[in-house]
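Listed below, chain by chain, are the residues.
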Amino acid sequence: MNASGLFGCLALPWISHLDVSNLILGLELPEQSILQPGWDYLLQYYQAELRSPLFPVIISISTYFLMVTIYTVLDLLAPSWPSLNRYRLHPDRPVTWENIWTTLGLTAYNHLMYIFPAAVGQWLWRPPIPLPPDAPSLMSFLLGILGCTILFDFQYYLWHLLHHRVAWLYRTFHVVHHQYLQPFSLVTQYLSAWELISVGFWTTVDPVLLQCHCLTSWAFMMFTICIAAEDHCGYDFPWSLHRLVPFGLWGGPPKHDAHHRMPGTNFAPFFSHWDWLAGTHLVPTSTEDTSVTEDLKWRNDK
Ligand SMILES: [Zn+2]
Ligand SMILES: [Zn+2]
């Protein structure tokens, strides 16, 4: 018997004893994530779909159209439903079918010209996504979404500020999004291709930078889409996130609506801290100045 064999013989009973003790006491064994049963179910029944490079594209598009469909139905009901209309930020300015078709037209164009080819490219050239057997812990899942949200908020704040302060950038890329003074949900993706690509790039790259689990990445993608649609929805519901997050830290629909009317304010997409620090924060009131500024000159609904 060589030395390692001898050591093995001596060590093995001790290790086995320790393992059994740990099993009994519940020590040193990795705690199973509360998300594990759901993740196991997805891996068992939907592994092929989850591994497809098309999966993130499909969940993003589905989430977007689900959100805008819900808000658009509310927009169409609101004029004849006063108890709903009172939650609208501009109850006297109903969303018209013309608004819906115009915004839907550009959304469809962007999807056909940019998102569909990008999705086909991913499908052809990107290898299937590896799926880890373990789900993330609930804490790492939530912290991952929070971390990506904070990072994206900073990136978009800088992008947004730059595209308002540099006149050429504004006229060439961002003015499209500002063609509506009072946004409604379909204005969310009423964007130039460059803005759409920038936003899509950060949404994809940020979870990679923060080394998130793929479940966290997909949840972050869906979360940003829901929040972007909410920011533009034109409603101030009692359950809106900006009413639940303390200290006015979350922007929400009223602040982004103010940005569309006063484009020198509220550049951040989610939080308010960058606007506080840079002096671009504005809490909208009913008496604010809505006169046409330099930034508003290219709008078509002023
Ligand atoms: Zn907007
Ligand atoms: Zn803007």
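These numbers were taken from a predicted model, which means no experiment stands behind them.

As a packed pair, helix H9 (residues 214-232) and helix H11 (residues 252-261) sit with axes 7 Å apart at the nearest point and diverge in direction by 65°. Here the hand of the crossing between H9 and H11 comes out right-handed. In this structure, H9 contributes Glu-230, Asp-231 and His-232 to the contact, and H11 contributes Gly-252, Pro-253 and His-256. The residue makeup of the contact of H9 with H11, split by class, is one nonpolar, three polar and two charged.

What follows concerns the nonpolar core. In terms of nonpolar packing, the biggest core is built from 39 residues, with Met-67, Val-68, Tyr-71, Leu-215, Ile-225 and Ala-229 touching the most fellow members. Counting residues per element, the ones that place at least two in this core are helix H3 (55-77), helix H6 (138-165), helix H8 (193-209) and H9. When residues in this core are grouped by element, the largest group, eight residues, is from H9. Those residues within four positions of Leu-215 in sequence are excluded, and the remaining contacts are Leu-35, Trp-39, Ala-135, Pro-136 and Phe-141.

In this section: the environment of Asn-99. You can see Asn-99 is positioned in helix H5 (residues 97-125). Taking C-alpha positions, Asn-99 is 9.1 Å from Val-187, a pair spaced 88 residues apart along the chain.

Turning our eyes to something else, we now look at unusual backbone geometry. Peptide bonds are trans in most cases, and residues, glycine excluded, mostly fall at negative phi. At Gln-211, a position not held by glycine, the phi torsion is positive, near 55°. Here Gln-211 lies in the loop between H8 and H9. Here Gln-211 falls in the exposed class, since 10 other C-beta atoms lie within 10 Å of it.

Procedures and definitions
- Residues numbered from 1 in each chain as written.
- Chains lettered and ligands numbered in written order.
- Predicted model: local features only at pLDDT ≥ 70, side-chain atom pairs only at ≥ 80, totals over all residues.
- Axes fitted to C-alpha atoms, helices over the stretch in contact; angles between N-to-C directions.
- Helix = DSSP H or I, 4+ residues; strand = E, 2+ residues; numbered from the N terminus.
- Left-handed = near helix turned anticlockwise from the far one by under 90°.
- Contact = placed C-beta atoms within 7 Å.
- Nonpolar A, V, L, I, M, F, W, Y, C, P; charged D, E, K, R; others polar.
- Core = buried A, V, L, I, M, F, W, Y, C linked by C-beta atoms within 7 Å.
- Buried ≥ 20, exposed ≤ 12 C-beta atoms within 10 Å, placed from the backbone.

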